[in-house]
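This is what each chain is made of:
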Amino acid sequence: MKNISMCMFGLILMLVSCVNNSGPTFKGEGVNWSGELITKYDFWSKESQSIRITYIGENLEHLSKTKVIVDSPDFLGWGIGTIELDDEGSYYRGDAFEIETKTPSSSKIILTIEGNESETISLGVSS
């Protein structure tokens, strides 16, 4: 009985350690914006993507109705309606999108920001 308990404990520990494993993080910077797409995987290898966008320009107080679109040849693109930046000009959304497969680290991710300071940024894997 003790061996069964130890095996169950080991199995549970292994399962817990597999949840939310980090995947590649894609980063890029343009003239007015920087972006980051963070990937992580659950136990079944389903990918969850989070997004961080930061305004690095000089007209933060004049921004309004900013929208974000994420696209890649490796997954169906997705977008976020109007986003609201914090006082430092940042926006973060955890678990913004889920896909069934893992995004390869060689993927080309295109981040399009639409609004007063529109820009398209190419994101690549950060080391």
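Everything here concerns the structure above.
This text gives an overview of the structure that appears in the document. (Residues numbered from 1 in each chain as written. Predicted model: local features only at pLDDT ≥ 70, side-chain atom pairs only at ≥ 80, totals over all residues. Heavy atoms only, no water.)

Section: the overall build of the protein
The secondary structure content of the protein amounts to 1 helix and 8 strands. Element order for the protein, N to C, with α for helix and β for strand: α-β-β-β-β-β-β-β-β. Residues counted as buried form 35% of the 127 residues belonging to the protein. Put simply, 57% of the contacts in the protein that link residues at least 6 apart link residues at least 24 apart. As displayed, the protein offers around 7900 Å² of accessible surface, 53% of which is attributable to carbon and sulfur atoms. (Helix = DSSP H or I, 4+ residues; strand = E, 2+ residues; numbered from the N terminus. Buried < 20%, exposed > 50% of the residue type's maximum accessible area, 1.4 Å probe, protein only. Contact = heavy atoms within 4.5 Å. Areas by Shrake-Rupley, 256 points an atom, 1.4 Å probe, with all protein chains shown as cover.)

With respect to the pairing of strand E3 (residues 47-55)
The buried count for E3 comes to 8 of 9 residues, which makes it a mostly enclosed element. The turn linking strand E2 (residues 33-41) back onto E3 is made up of 5 residues, and Ser45 within it adopts a positive phi angle of 70 degrees. Where E3 lies against strand E6 (residues 90-99), 7 bridges are found, and the strand directions are antiparallel. Looking at the pairing, Arg52 lines up with Tyr92 of E6. (Pairing = 2+ DSSP bridges.)

Some points on the packing of aromatic side chains
Two measures describe an aromatic ring pair: the distance that separates the ring centres and the angle between the ring planes. Under the criterion given, the structure shown has 3 aromatic pairs. Ring plane angle 70 degrees and centroid distance 5.0 Å describe the contact between Trp33 and Tyr55, whose orientation is recorded as edge-to-face. Residue Trp33 is located in strand E2, and its partner Tyr55 is located in strand E3; the two are separated by 22 residues in the primary sequence. With a relative accessible area of 0%, Trp33 lands in the buried category. Residue class for Tyr55 comes out buried when judged on its relative accessible area of 5%. Aromatic side chains Phe43 and Trp44 sit 5.2 Å apart centroid to centroid with 90 degrees between the ring planes, which places their arrangement in the edge-to-face category. Among the residues examined, Phe43 registers a relative accessible area of 38% and is labelled partly exposed. For Trp44, a relative accessible area of 69% puts it in the exposed group. The positively charged end of Lys102 is found above the aromatic ring belonging to Tyr41, 4.4 Å away from the centroid. (Phe/Tyr/Trp six-rings, centres within 6.5 Å; stacked < 30°, edge-to-face > 60°. Lys NZ or Arg CZ within 6 Å of the ring centre and 35° of its normal.)

Here's the deal with the environment of Asp71
By secondary structure assignment, the location of Asp71 is in strand E4 (residues 66-72). Through-space distance from the C-alpha of Asp71 to that of Ser122 is 9.8 Å; in sequence the pair is 51 residues apart. Here Asp71 is in contact with Gly77, Lys108, Ile109 and Ile110, once residues within four sequence places are set aside.

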